[in-house]
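What the coordinates show
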Amino acid sequence: MRNRRRLLHQLAYYRRTTSKQDFPFSTFSNPSLVHSHNKCRAAETRRLQLAYLLQLSTHNKLISHPKQIHAHVLVSGLESNVYFSNVLLRCYASSGFLCYARKLFDKMPEKNSISWSSMVSIYSKYGFYEEALVVFLEFRRCCFGDTYECILASVLRACAGVGGDNRGDSIGKQVHGLVIKVGFDQDIYVGSSLIDFYVKGGEIDEGKGVFDCLLEKSMVTWTTMITGYAKNGKSEKSLQLFNQMMETDVVPDKYVLSSVLSACAAFEFFEGGKQIHGHVFRRGIEMDVSVSNVLIDLYMKCGKVQNARKIFDLMIGRDVVSWTTMISGYMQNSFDAEAIELFFEMTSSGWKPDGFTCTSILTSCGSLEALKQGKQVHAYSIKTNLQYELFVGNSLIDMYGKCNSLANARRVFNSMTDHNMVSYNAIIEGYARNNQLSEALDMFYKMRLKRIRPSLLTFVSLIGVSAALSTLNLTKQIHVFVVKLGLFSEIFSGTALIDAYSKSSSIPDARLVFDDMKEKDIVVWNAMIFGYIYQWENEEALKLYCDLQLSEQKSNIFTFAALITASSHLASLQRGQQFHGHLIKMGLVLDPVVLNSLIDMYAKCGSFEDACKTFDSAIDRDIVCWNTMILTYAHHGEAEEALELFERMKELGLKPNYVTFLGVLSACSHAGRIADGFLHFESMLRFGVDPGIEHYASMVSLLGRAGRVYEAIEFIEKMPINPGAVIWRSLLSACRVSGDVEVGKYAAEMAISMDPTDSGSYAMLSNIFASKGMWEDARSVRQTMDLNRVVKETGHSWIEVDKEVNVFVARDRTHDTEHICSLLDNLIPQTELPDSVPDNIALIVNG
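Definitions and cut-offs
- Residues numbered from 1 in each chain as written.
- Predicted model: local features only at pLDDT ≥ 70, side-chain atom pairs only at ≥ 80, totals over all residues.
- Heavy atoms only, no water.
- Helix = DSSP H or I, 4+ residues; strand = E, 2+ residues; numbered from the N terminus.
- Buried < 20%, exposed > 50% of the residue type's maximum accessible area, 1.4 Å probe, protein only.
- Contact = heavy atoms within 4.5 Å.
- Areas by Shrake-Rupley, 256 points an atom, 1.4 Å probe, with all protein chains shown as cover.
- Phe/Tyr/Trp six-rings, centres within 6.5 Å; stacked < 30°, edge-to-face > 60°.
- Core = buried A, V, L, I, M, F, W, Y, C linked by side-chain atoms within 4.5 Å.
- Axes fitted to C-alpha atoms, helices over the stretch in contact; angles between N-to-C directions.
- Parallel < 35°, antiparallel > 145°, perpendicular 65-115°, else oblique.
- Left-handed = near helix turned anticlockwise from the far one by under 90°.
- Nonpolar A, V, L, I, M, F, W, Y, C, P; charged D, E, K, R; others polar.
- Expected span 1.5 Å × (residues − 1).
- Arc of directions from axis to C-beta.
- Salt bridge = Lys/Arg side-chain N within 4 Å of Asp/Glu carboxyl O.
- Patch = residues over 30% accessible without salt bridge, like charges linked within 9 Å, V, L, I, M, F, W, Y side chains within 5 Å.
- UniProt positions renumbered as here; feature names shortened; annotations may be inferred.
- Polar contact = N/O pair within 3.5 Å; in protein donor to acceptor, adjacent residues only side chain to side chain.

**Here we look at the overall build of the protein**
- Helices and strands together make up the secondary structure of the protein, namely 48 helices and two strands.
- Per-residue burial over the protein gives 45% buried out of 847 residues.
- Here the contacts in the protein between residues at least 6 apart in sequence split such that 60% fall between residues at least 24 apart.
- Surface exposure of the protein reaches about 44,400 Å², of which carbon and sulfur atoms provide 53%.

**Observations concerning the packing of aromatic side chains**
- Tallied over the full model, the rule gives 22 aromatic pairs.
- Ring centres of Phe413 and Tyr424 lie 5.1 Å apart, and the angle between their planes is 75°; on these two criteria the pair is classed as edge-to-face. Of the two residues, Phe413 is situated in helix 24 (residues 406-415) and Tyr424 in helix 25 (residues 421-433); the sequence distance between them amounts to eleven residues. Each of the two residues, Phe413 as well as Tyr424, counts as buried.
- Ring geometry for Phe661 versus Phe687: centroids 5.9 Å apart, planes at 50°, classification tilted. Note that Phe661 is positioned in helix 39 (residues 658-671) and Phe687 in the loop between helix 40 (674-683) and helix 41 (693-705), a separation of 26 residues in sequence.
- Relative accessible area serves as the criterion here: at 0%, Phe661 is assigned to the buried category.
- Through a chain of ring-to-ring contacts, three or more aromatic side chains come together here, namely Phe678, Phe681, Tyr696 and Phe715.

**So, the environment of Leu214**
- Along the polypeptide, Leu214 turns up in the loop between helix 12 (204-213) and helix 13 (219-231).
- Residue classification places Leu214 among the buried positions, given a relative accessible area of 2%.
- Once the C-alpha coordinates of Leu214 and Ile188 are considered, the two residues, 26 residues apart in sequence, prove to be 7.4 Å apart.

**A word on the nonpolar core**
- Counting 214 residues, the largest nonpolar core has Phe242, Met245, Ile498 and Leu731 as its most contacted members.
- Residue contributions to this core peak at eight residues, all from helix 31 (residues 522-534).
- Here Ile498 is in contact with Ala510, Val513, Phe514, Met517, Val524, Ala527 and Met528, once residues within four sequence places are set aside.

**Thoughts on unusual backbone geometry**
- Although it is not a glycine, Glu369 sits at a positive phi angle of roughly 55°.
- You can see Glu369 is positioned in the loop between helix 21 (355-368) and helix 22 (371-383).
- Accessibility expressed as a relative area gives 46% for Glu369, which makes it partly exposed.
- Phi at Asn385 takes a positive value of approximately 60°, unusual for a residue other than glycine.
- Mapped onto the elements, Asn385 comes out in the loop between helix 22 and helix 23 (390-402).

**Quick notes on the environment of Pro720**
- As for its placement among the helices and strands, Pro720 is situated in the loop between helix 42 (709-717) and helix 43 (725-738).
- With a relative accessible area of 65%, Pro720 lands in the exposed category.
- For the pair formed by Pro720 and Pro691, sequence separation is 29 residues and the distance between their alpha carbons is 10.0 Å.

**Describing the packing of helix 19 (residues 320-332) against helix 20 (residues 336-348)**
- The N-to-C vectors of helix 19 and helix 20 enclose an angle of 160°; their axes lie 7 Å apart at closest approach. Classified by the angle their axes make, helix 19 and helix 20 are roughly antiparallel. As for how helix 19 packs across helix 20, the hand of that crossing is left-handed. Packed against helix 19, whose contacting residues are Val320, Trp323, Met326, Ile327, Tyr330 and Met331, the element helix 20 presents Asp336, Glu338, Ala339, Leu342, Phe343, Glu345 and Met346 at the interface.
- Partitioning the contact of helix 19 with helix 20 into residue classes produces ten nonpolar, no polar and three charged.

**Description of helix 34 (residues 573-586)**
- Taking 1.5 Å as the rise per residue, helix 34 with 14 residues should run 20 Å; its terminal C-alpha atoms sit 20 Å apart, in good agreement.
- Turning to helix 34, its buried residues are Arg575, Gly576, Phe579, His580 and Leu583. The buried residues of helix 34 occupy an angular sector of 140° when projected down its axis, which confines them to one face. Every exposed residue of helix 34 that faces more than 90 degrees away from the buried side is listed here: Ile584 and Lys585.

**Quick look at the pattern of salt bridges**
- Inspection of the entire model under this criterion finds 14 salt bridges.
- The shortest N-O distance in the salt bridge between Arg309 and Asp313 comes to 2.9 Å. Within this pair, Arg309 and its partner Asp313 are both found in helix 18 (residues 305-314), separated by four residues, close to a single helical turn.
- Classification of Arg309 by relative accessible area gives partly exposed; the value is 22%.
- Asp499 is paired through a salt bridge with Lys503; the nearest N and O atoms lie 3.5 Å apart. Pair noted here: Asp499 and Lys503 are both in helix 29 (residues 491-503), with a separation of four residues, about one helical turn.
- When its relative accessible area of 31% is taken as the criterion, Asp499 is described as partly exposed.
- Among the charged side chains, a network of salt bridges with common partners joins Glu640, Arg673 and Asp676.

**Considering helix 23**
- For helix 23, with 13 residues, the first-to-last C-alpha span of 19 Å sits near the 18 Å given by 1.5 Å per residue.
- Summarising burial for helix 23: ten of the 13 residues are buried, a large majority.
- Those residues of helix 23 lying buried are Val392, Gly393, Asn394, Ser395, Leu396, Ile397, Asp398, Met399, Tyr400 and Gly401.
- Asn404, located one to two residues past helix 23, shows a positive phi value of around 60°.

**Regarding a nonpolar patch on the surface**
- Taken together, Ile820, Leu824, Leu827 and Ile828 make up a surface patch of nonpolar side chains, about 360 Å² in accessible area.
- Inspection of the secondary structure assignment puts Ile820 in helix 47 (residues 817-827).

**Remarks on the UniProt feature "repeat: PPR" (unreviewed entry) in the protein**
- With numbering aligned to this structure, UniProt lists the feature "repeat: PPR" (unreviewed entry) at residues 218-252, 319-353, 420-454, 591-621, 622-656 and 657-691.
- Along residues 657-691 the backbone is 69% helical and 0% strand, and the end-to-end C-alpha distance reaches 10 Å.

**Thoughts on the side chain of Ser405**
- Mapped onto the fold, Ser405 is located in the loop between helix 23 and helix 24.
- Not counting the four nearest positions on each side in its chain, Ser405 is found in contact with Leu371 and Tyr400.

**A closer look at the side chain of Asn596**
- Relative to the helices and strands, Asn596 resides in helix 35 (residues 592-604).
- Non-local contacts of Asn596, meaning those with residues more than four positions away in its chain, are made with Asp622, Val624, Cys625 and Thr628.

**Thoughts on the packing of helix 35 against helix 37 (residues 623-635)**
- In the contact formed by helix 35 and helix 37, the axes pass within 9 Å of each other and the chain directions differ by 5°. On the basis of the axis angle, helix 35 is roughly parallel to helix 37. Listed contacts from helix 37 to Leu595, Asn596, Ile599, Asp600 and Ala603 of helix 35 are Val624, Cys625, Thr628, Met629 and Thr632.

**With respect to the environment of Asn425**
- On the secondary structure map, Asn425 appears in helix 25.
- Asn425 sits in the buried class, given a relative accessible area of 10%.
- Remark: the alpha-carbon pair of Asn425 and Val460, spanning 35 residues in sequence, is separated by 9.8 Å.
- With sequence-adjacent residues up to four places away left out, Asn425 is seen in contact with Met447, Ser455, Leu457 and Thr458.
- There is a polar contact of 2.8 Å between the side chain of Asn425 and the side chain of Ser455.

Quick look at the structure:
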């Protein structure tokens, strides 16, 4: 508008100064002079009109094509006028016609510094930085040095755009020298461009040097320097500079506020972001939507979800970025239900989510296994043609995989026209989660055929399914791939391999992987400790913990949960109490994971009182904690307390689950409370729990322990699911208690027919025969075991002496056997066997 008013004033002035009264009478009395004057006046009028049109077309884009004006310039014979050519250059540039601008520039018979500066600026604006530098070098050779500030600033922007190119860096520093030489080092425009050049090149200190030398600084100068610190990972420096700016007369605008807040968000610098928010609030600065969006992002990345929601709710004007940032923040902080709710609120309010919004909400749907909502988002993506976006398709595959809807995941994958590494990782992970090994390997094979390089996540997924299925050969093959691609040093791959080898009963291989890893975090240590415990090598787990204490890593709750489990397996109360003491000192004793492990450890170590005290000391008890205590009461024969605890749990509003009913039915079985057992068994469906094989086994045990073995057989025959060996073993165990030989033989036959390799059924039947003095039958069962090559699991016993756990097994030769046997030889003669041999002695003799 300013240019337009200036042109109008020029036209008015021209009319005033060229009126009839301004010329002598003799001039108008001479026709030739009047004709000449009118001709000049018309030419000048056309020139001003063309200048006015060019200005309008440049600033307001009123002309559909600048070539129309260019044609008028040529017709008017003004093509050699530098002013018109320069305005035409800007007109072509603003319309995006760079080729026409260059042609015009090359044909200009005369160029001034503005011409050269315009051409450099045009190339820089559209990202043709190399061309901009070439034009500048041509300018230097032509020695146009009348006006420098515009072209210097433009060429510095080009040097900054070239980035890490050595040529751009060299020219930029030469330009800096030229700036100082010609005396433009205090020019704000040139100075800001110099700062931008150094900042984008990563030379933040040189940029700060230029910044400090400027006597006068504009908002652009401050913003460039603050943003530079932020992008170079120095958020604290960025905040310090922002505080210095606050002491000047420069008022921060939305750009500088957004820059410094983005710096705080990138490095989760909550305190700095909170200070800036407070400044905005105190100064009464209007919260621009972009500033509000960055504040939401900051609070979300710092885990302050409620603060972010308050800003979102107070926003008068929101855009798609506001909704997307809020939904994405909910997802990143595991507020998945809130993310889904906000997404549907967004659509119902008339907003159209973009691909990024859909990606975030699909991740939340996958985390919650919310298949219905995920399908709704899928339908929306189809309606808005977003399903063709590669990242949206990948998110759909991931969501369906996590929701166990692999058919839909595969359909999405097959419908995609293009696949990348993420696409294959998502579908392989989906198959791996559901232990579909052949499909996962088939997708991996296709991935290799397409020459898509597998990533670390690809191998972690394959190693995970290999671990779940205990396929040792596959684990070794994947291990070779990982080493071949140079991914072995990654912590994630090492951890996954340790887990896979441990679950495949190959602890030595797991330990080799552990020892070969140069870098180990606490997750790696925990994986190895859990691997030892998984294979019941609890002593090795405790030894590894001693090595952990000598390392730089600090134990976490999962470490102690594993160590407490090892202590419970060894029935080492003293070790368990030591770990309990460590947890109290670290303030981790109230964590649910640790609490449950402690209760289980005290119960298995026979310290029932300490288990009760630990449970009573818990402030926040989850369902696992209640289940652990109910099972503890049940296994110690405290059926009344177990059932009372179950009622208390329901009164507090906790919903019992699969494991809860195992504890309750076990308590009823130990106490012989048949009526209560059937009552609780029939109530399971009301709580949404389908009875499993373990629940049916508990009911069989309940009937068998009460001597109602025939009712137990009838119950088994009426089961809606096929009874497995565990059901018949439960009946066999009950027959051992009740002494029913016939039913015991029948139950053993059924169990052995379903699982011929199970030594437990043979051992229990042999014990039944031995308890009745049927030694031939007992010996016959043992012989059958030998013929069928069924190996009885070796029994263990242990004792803790001088803080060291000593483990003994049958035919042990690892200890001081001769000394132990000599002591036994001295003790045996002093032992007088009674006439009636107890059952347990008979078992030892015949075992």
